[in-house]
Amino acid sequence: MTATIIDGKAHALALRTRVAAHVATFREATGRAPGLAVVLVGEDPASAVYVRNKGKATRDAGMASFEHRLPADTDAGTLLALVAQLNADPAVDGILVQLPLPAHIDAEAVLLAIDPDKDVDGFHPVNAGRLAIGAEGFVPCTPLGCLMLLKDIHPNLSGMEAVVVGRSNIVGKPMAQLLLQQSCTVTIVHSRTRDVAAHLRRADIVVAAVGIPRFIQGDWIKPGASVIDVGINRTDDGLVGDVDFAAASAVAGAITPVPGGVGPMTIACLIRNTYVSACRRDG
Ligand code: GUN
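So, how was this worked out
Residues numbered from 1 in each chain as written. Predicted model: local features only at pLDDT ≥ 70, side-chain atom pairs only at ≥ 80, totals over all residues. UniProt positions renumbered as here; feature names shortened; annotations may be inferred. Pairing = 2+ DSSP bridges. Helix = DSSP H or I, 4+ residues; strand = E, 2+ residues; numbered from the N terminus. Contact = placed C-beta atoms within 7 Å. Axes fitted to C-alpha atoms, helices over the stretch in contact; angles between N-to-C directions. Left-handed = near helix turned anticlockwise from the far one by under 90°. Nonpolar A, V, L, I, M, F, W, Y, C, P; charged D, E, K, R; others polar. Buried ≥ 20, exposed ≤ 12 C-beta atoms within 10 Å, placed from the backbone. Core = buried A, V, L, I, M, F, W, Y, C linked by C-beta atoms within 7 Å. Domains from an automatic or database assignment.

The protein carries the name Bifunctional protein FolD in an unreviewed UniProt entry, which gives Sphingomonas taxi as its organism. Checking UniProt for the protein, the heading Pathway (unreviewed entry) contains the comment "One-carbon metabolism; tetrahydrofolate interconversion." Note on the protein: under the UniProt heading Subunit (unreviewed entry), the record states "Homodimer."

Here it is in structure tokens:
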């Protein structure tokens, strides 16, 4: 079998185009644009690229982008004061503090300070709790993007065996919650799992988010499975995912490439979450 390659770029473009059309209607109805504030502390080059891309995507969707760049030695009090100001600003529907933060700042305290109803990253514990009980909130953008790609292939995921590889708060845990909400039978495997391959071999759905280049071997994949690779690992061969793409794509039914798979969906979902936030506030 040769897998269908899931075109994340095309899906992301379609989502951004749909959101932009909704934003145009929102602006006409309310006389204002949805707004996203992005805060970058320090000069980490990868973070600077992400923040630039987020600002551009926000403006491309017809929304207002508020970019705050603070020096690396900014103290926690200054950052918390900025978050408080953004929480109170009616023009701001979404707040994103780019991670990682410099080591002297307690990132957890900063995330806790963001108004959960403007937390378009979905990282606030209130939103993690809402996701766990199926209440309305914000879902982290990467797992939300993965679910959208999966639903395009399998509109009904009910009863499918899903294995999530990795248990991070940002991807693995919320991904498992989303798949459970879709009535999948969900397993999370992680660094202490005894036999990762045995779990994967019975998975109809695999979501890989471990950050280890080409960790998942082709012969761990069940023939016909749908494989979503969240990994973005810089290696001497360039960017590679957590899945051995060449081997897995000979077995899987569908698979995301790296790059061009999940990555573009993350920003598209951020734009979507910001629009949703504006509607909840002012729709
Ligand atoms: N750093 C890398 N990805 C992300 C993200 O999705 N959100 C935030 N806040 N920081 C990040």
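Draft legend 1. Structural context of the sheet that holds strand β5 (residues 161–165). The six strands are arranged β1-β11-β8-β7-β5-β6 in an open sheet whose pairing can be described as parallel. Here the strands that pair on one side only, and so sit at the sheet edges, are β1 (4–5) and β6 (185–189). With five bridges joining them, β5 and β6 adopt parallel strand pairing. When the sheet's bridge partners are listed, Val 163 is paired in β6 with Thr 187. Along the sheet, helix α6 (residues 141–153) makes contact with β7 (205–208), β8 (226–229) and β11 (254–255), crossing β8 at roughly 160 degrees.

Draft legend 2. Representation of the sheet that holds strand β4 (residues 94–97) within the structure. Pairing within the open sheet is parallel, and its three strands lie in the order β3-β2-β4. Only two strands of the sheet have a single neighbouring strand rather than two, namely β3 (64–70) and β4. Geometrically, the sheet is characterised by an average inter-axis angle of 15 degrees between neighbouring strands, direction not taken into account. Looking at chain direction, strand β2 (residues 35–41) and β4 are connected through four bridges and run parallel. Looking at the pairing, Ala 37 lines up with Ile 95 of β4. Running over the sheet, helix α2 (residues 45–60) touches β2 and β3 and is turned about 170 degrees from β2.

Draft legend 3. Quick look at the packing of α6 against helix α7 (residues 172–181). Across the interface, α6 lies against α7 with an axial gap of 8 Å and an inter-helix angle of 40 degrees. Relative to α7, α6 is oriented so that their crossing is right-handed. Taken together, the residues of α7 that come into contact with α6 (itself represented by Pro 143, Cys 146 and Leu 147) are Pro 174, Met 175 and Leu 178. Classifying every residue of the contact of α6 with α7 gives six nonpolar, no polar and no charged.

Draft legend 4. Examining the environment of Ala 132 more closely. Mapped onto the elements, Ala 132 comes out in helix α5 (residues 125–133). Judged by C-beta crowding, with 14 C-beta atoms within 10 Å, Ala 132 ranks as partly exposed. For Ala 132 and Gln 177, which are 45 residues apart along the polypeptide, the C-alpha to C-alpha distance reads 6.2 Å.

Draft legend 5. Structural detail: the nonpolar core. Residues Val 165, Val 206 and Val 207 are the most contacted members of the largest nonpolar core, which totals 86 residues. Per-element accounting of this core gives the leading share, ten residues, to helix α10 (residues 262–282). Residue-level mapping places this core at the junction of two domains, with at least three residues from each of domain 1 (31–116) and domain 2 (141–263).

Draft legend 6. Structural detail: the UniProt feature "domain: Tetrahydrofolate dehydrogenase/cyclohydrolase catalytic" (unreviewed entry) in the protein. The positions UniProt marks with the feature "domain: Tetrahydrofolate dehydrogenase/cyclohydrolase catalytic" (unreviewed entry) are residues 6–121. This span, residues 6–121, is 51% helix and 16% strand, and a straight line between its end C-alpha atoms measures 24 Å.

Draft legend 7. Fine view of unusual backbone geometry. The step from Leu 99 to Pro 100 runs through a cis peptide bond, and the omega angle for that step is 0 degrees. As for its placement among the helices and strands, Pro 100 is situated in the loop between β4 and α4 (107–113). Of note, the bond from Val 258 into Pro 259 is cis; its omega dihedral lies within 30 degrees of zero at -5 degrees. Note that Pro 259 resides in the loop between β11 and α10. Positive phi, normally seen in glycine, also occurs at Arg 214, with a value near 50 degrees. Tracing the backbone shows Arg 214 in the loop between β7 and β8.

Draft legend 8. Spatial organisation of the UniProt feature "domain: Tetrahydrofolate dehydrogenase/cyclohydrolase NAD(P)-binding" (unreviewed entry) in the protein. Per the UniProt record, "domain: Tetrahydrofolate dehydrogenase/cyclohydrolase NAD(P)-binding" (unreviewed entry) is annotated on residues 140–280. For the annotated span residues 140–280, helix accounts for 36% and strand for 18% of the residues, and the straight-line distance between the end C-alpha atoms is 17 Å.

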